[in-house]
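Commentary on secondary and tertiary structure
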Amino acid sequence: MKAENEQRTGLLHGFAAYGMWGLVPLFWPLLKPSGAVEILAHRMVWSLAVVGLALLALRRWGWMAELLRRPRKLALTTLAASIISVNWGLYIWAVNNGHVVEASLGYFINPLVSIAIGVLVLGERLRRAQWAAVGISFAAVLVLAVGYGRPPWISLVLAFSFAAYGLIKKKLNMGGLESLAAETAVLFLPALGYVLWLAAQGQSTFVSQGPGHSALLAATGLVTALPLVCFGAAAIRVPLSTLGMLQYMAPVFQFGLGVLYFHEAMPPERWAGFSLVWAALALLTWDALRTARRSRRRVEAAPAVVAAPAREPA
């Protein structure tokens, strides 16, 4: 009963995390006339404040000394912070400049890019279905390039930057709160410096747009931290395969908002390209579920194989 309650709690946290990430395109336009770089700088500053308060309440500071004693880990943290800042900044710019659908595509193809990076960087071997999914996604990019009249560079940069960020996070092996605190701490001084420079130049919307706008910019810390906290709570309670299924919620919501709320154009070529991407993801999901089922059967069969000699007479 306790295990069922834990899994139910984990699912609720997972839905909350990916739901918030999926609906976040509704938030960034509220911050206009702030530019993407100013929003990103405030996001870094206020995220550190929110996460710092959370760590203070939980009294989780031991990881800081270890991080500072390990230059390689600190360098990887700095690299992760730089990559995620590119991802966040481009995503904010894309949403506020009418490219929500193209941004959602980046997170649809992200699992496929992660597989490609696994092959190229980690030397992983793919199953036939995974190769087929990667091939279909490559065809989808070509179709979308024709549809857009250019490569879907926003999607590609978002997908590759997030996949690279995930690879580095895997090597770092840090908790969600600790990781976000470290990454925002690395970028805190440059971000704060940029915010103060804008104020000195008289170009800061935090100062000029009134207290309501200032409160919204400060809320970027919560918008960043809350989904991550929920994701961390889900990750320790539900299987990784379940989280893998839930991750598609965010780009589905983003795509729906782009088409239905922001009324972005979807000519036939784009529908064709997205359909190919969805077909590749369906194939990938089917293969993952089939592989997990086979692994589970092997684990269940193993005790019977081990126990068999013990049942035979001496």
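Throughout what follows, the structure given in this document is the object of discussion. (Residues numbered from 1 in each chain as written. Predicted model: local features only at pLDDT ≥ 70, side-chain atom pairs only at ≥ 80, totals over all residues. Heavy atoms only, no water.)

Quick word on the overall build of the protein chain
The helix and strand tally for the protein chain stands at 14 helices and 0 strands. For the protein chain, the sequential pattern of α-helices and β-strands runs α-α-α-α-α-α-α-α-α-α-α-α-α-α. If you line up the protein chain on its principal axes, its C-alpha atoms span 90 × 55 × 40 Å. In the protein chain, which comprises 314 residues, the proportion classed as buried is 41%. Total accessible area on the protein chain stands at roughly 16500 Å², and carbon and sulfur atoms take up 68% of it. Between the mean site of the 26 positive side-chain charges and the mean site of the 13 negative ones, the protein chain shows a separation of 5 Å. (Helix = DSSP H or I, 4+ residues; strand = E, 2+ residues; numbered from the N terminus. Buried < 20%, exposed > 50% of the residue type's maximum accessible area, 1.4 Å probe, protein only. Areas by Shrake-Rupley, 256 points an atom, 1.4 Å probe, with all protein chains shown as cover. Lys, Arg positive; Asp, Glu negative; His and termini not counted. Charge placed at Lys NZ, Arg CZ, Asp CG, Glu CD.)

Focus on the packing of helix α4 (residues 71-96) against helix α7 (residues 153-172)
Running from N to C, α4 and α7 cross one another at 155 degrees; their axes reach a closest spacing of 9 Å. Judged by the inter-axis angle, α4 sits roughly antiparallel to α7. In this structure, α4 meets α7 at a crossing whose hand is left-handed. Residues of the contact of α4 with α7, tallied by class, amount to 19 nonpolar, 3 polar and 2 charged. (Axes fitted to C-alpha atoms, helices over the stretch in contact; angles between N-to-C directions. Parallel < 35°, antiparallel > 145°, perpendicular 65-115°, else oblique. Left-handed = near helix turned anticlockwise from the far one by under 90°. Nonpolar A, V, L, I, M, F, W, Y, C, P; charged D, E, K, R; others polar.)

Notes on α4
Here α4 is 26 residues long and its end C-alpha atoms lie 37 Å apart, about the 38 Å a rise of 1.5 Å per residue gives. Trailing α4 by a residue or two, Gly98 shows a phi angle of about 80 degrees, which is positive. (Expected span 1.5 Å × (residues − 1).)

Things to note about the environment of Met249
You can see Met249 is positioned in helix α13 (residues 249-261). Considering only alpha carbons, one finds Met249 and Gly106, 143 residues apart in sequence, at a separation of 13 Å. Filtering out sequence-adjacent residues up to four positions away, Met249 remains in contact with Phe15, Tyr18 and Gly19. (Contact = heavy atoms within 4.5 Å.)

As for the environment of Ile168
With respect to the secondary-structure elements, Ile168 resides in helix α7. For the pair Ile168 and Ile83, spaced 85 residues apart in sequence, the C-alpha separation works out to 9.7 Å. Those residues within four positions of Ile168 in sequence are excluded, and the remaining contacts are Leu76, Leu79, Ala80 and Ile83.

Remarks on the side chain of Ser34
Following the sequence through the fold, Ser34 ends up in the loop between α1 (2-23) and α2 (36-58). Looking at Ser34, its side chain comes within polar contact range of the side chain of His213, at 2.8 Å. In this view, Ser34 contacts Ile39, Thr205, His213 and Leu217; residues no more than four positions away in its chain are not counted. (Polar contact = N/O pair within 3.5 Å; in protein donor to acceptor, adjacent residues only side chain to side chain.)

With respect to the pattern of salt bridges
One pass over the full model with this rule turns up 3 salt bridges. Two residues, Glu102 and Arg150, come together in a salt bridge whose shortest N-O distance is 2.8 Å. With Glu102 in helix α5 (residues 100-120) and Arg150 in the loop between α6 (128-148) and α7, the pair connects residues that are 48 residues apart, well separated along the chain. Take Arg150: its relative accessible area is 26%, and that puts it in the partly exposed class. Salt-bridge contacts for Asp287 lead to Arg290; the nearest nitrogen and oxygen are separated by 3.0 Å. With a gap of 3 residues between them, Asp287 and Arg290 both fall in helix α14 (residues 268-311), about one helical turn apart. For Asp287, a relative accessible area of 1% gives the class buried. With relative accessibility at 25%, the residue Arg290 sits in the partly exposed group. Sharing partners across several salt bridges, the network here consists of Arg127, Asp287 and Arg290. (Salt bridge = Lys/Arg side-chain N within 4 Å of Asp/Glu carboxyl O.)

Concerning α7
Taking 1.5 Å per residue, 20 residues should reach 28 Å; α7 reaches 28 Å between its end C-alpha atoms and fits that length. All of the buried residues in α7 are Ile154, Ser155, Leu158, Ala159, Ser161, Ala163, Tyr165, Leu167, Ile168 and Leu172. Just downstream of α7 lies Asn173, where phi reads positive at about 55 degrees.

Looking at the packing of helix α3 (residues 62-69) against α4
The contact between α3 and α4 brings their axes to 5 Å, and the two run at 100 degrees. The angle between α3 and α4 falls in the class roughly perpendicular. Every residue of α4 that contacts α3 at Glu66, Leu67 and Arg69 is listed here: Pro71, Lys73, Leu74 and Thr77. Class assignment for the residues of the contact of α3 with α4 results in 3 nonpolar, 1 polar and 3 charged.

Details of the packing of aromatic side chains
Taken as a whole, this structure holds 16 aromatic pairs when the rule is applied. Plain terms: the ring middles of Phe27 and Trp28 are 5.3 Å apart, the flat faces sit at 65 degrees to each other, and that makes the pair edge-to-face. The class for Phe27 is buried, based on a relative accessible area of 13%. One aromatic cluster in this structure is built from Phe108, Phe255, Trp271, Phe274 and Trp278. Over the face of the ring belonging to Trp88 we find Arg43, whose NZ or CZ atom lies 4.0 Å from the ring centre. (Phe/Tyr/Trp six-rings, centres within 6.5 Å; stacked < 30°, edge-to-face > 60°. Lys NZ or Arg CZ within 6 Å of the ring centre and 35° of its normal.)

Note that every value here comes from positions in space, so none of it alone points to a role or purpose.
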